[in-house]
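Residues per chain are reported as follows:
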Amino acid sequence: MFIINQTLKADKIPAGKGEELFQQHAAWFTRHFEQGDFLLVGPYTDKQMAGIMITGAETREAVEEILKDDVYYAGGMADYEVRSFKAPMISPALADYAGK
């Protein structure tokens, strides 16, 4: 599994294109969530223009294949920190936190 920390580079977002780019980004992460590529997706509440994604991808190369289609990734408009981890414990209550 991998956790992906994404932080947008505000100075790289073209003027007047912020909303359009975000809509493309949202369509990208929604598609990958619905396909099961992402297990969890969400913005940080204490940091603007940043968020996380957790994926069950088996390799870093598989993660790169997913990321390469994100408008922010392809355009160099965000930093991505990709970290491998294992989760020997997952609370069954995790779903209770959706949307919170």
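What you see is a predicted model, and the numbers here were worked out from it, not measured in a lab.

Trainee: Provide a residue-level description of the sheet that holds strand β2 (residues 38-43), including the pertinent values.
Mentor: Spatially, the four strands line up as an open sheet ordered β2-β3-β1-β4, and their pairing is antiparallel. Each edge of the open sheet is held by one strand with a lone partner, namely β2 and β4 (78-84). Strand-to-strand twist in this sheet, taken as the mean axis angle between neighbours without regard to direction, amounts to 15°. As judged from the five bridges shared by β2 and strand β3 (residues 50-55), these two strands associate in the antiparallel manner. Directly across from Pro43, in β3, lies its bridge partner Gly51. Where helix α1 (residues 18-34) meets the sheet, it contacts β1 (2-8), β2 and β3, and its direction lies at approximately 150° from that of β2. Of the strands in this sheet, β1, β2, β3 and β4 touch helix α2 (residues 60-67), which is tilted by about 155° from β4.

Trainee: Can you break down the layout of surface pockets residue by residue, with the values?
Mentor: When its volume is computed, the largest pocket comes out at roughly 430 Å³. Lining the largest pocket are 15 residues; nearest its centre among them are Leu40, Val41, Tyr97, Ala98 and Gly99. If one sorts the elements of the lining of the largest pocket by residue count, β2 sits on top with five residues. Tallied by class, residues from the lining of the largest pocket come to 11 nonpolar, three polar and one charged. When its volume is computed, the second largest pocket comes out at roughly 280 Å³. Forming the boundary of the second largest pocket are 14 residues, of which Gln6, Phe22, His25, Pro43 and Ala50 lie nearest the centre. Residue classes in the lining of the second largest pocket are distributed as 10 nonpolar, four polar and no charged.

About the cut-offs
- Residues numbered from 1 in each chain as written.
- Predicted model: local features only at pLDDT ≥ 70, side-chain atom pairs only at ≥ 80, totals over all residues.
- Heavy atoms only, no water.
- Pairing = 2+ DSSP bridges.
- Helix = DSSP H or I, 4+ residues; strand = E, 2+ residues; numbered from the N terminus.
- Axes fitted to C-alpha atoms, helices over the stretch in contact; angles between N-to-C directions.
- Contact = heavy atoms within 4.5 Å.
- 1 Å grid on protein atoms, 1.4 Å probe; cavity = no way out; pocket = protein on both sides within 12 Å on 5 of 7 lines; lining within 4 Å.
- Points joined across faces, edges and corners; volume = space filled by probe spheres on them.
- Nonpolar A, V, L, I, M, F, W, Y, C, P; charged D, E, K, R; others polar.

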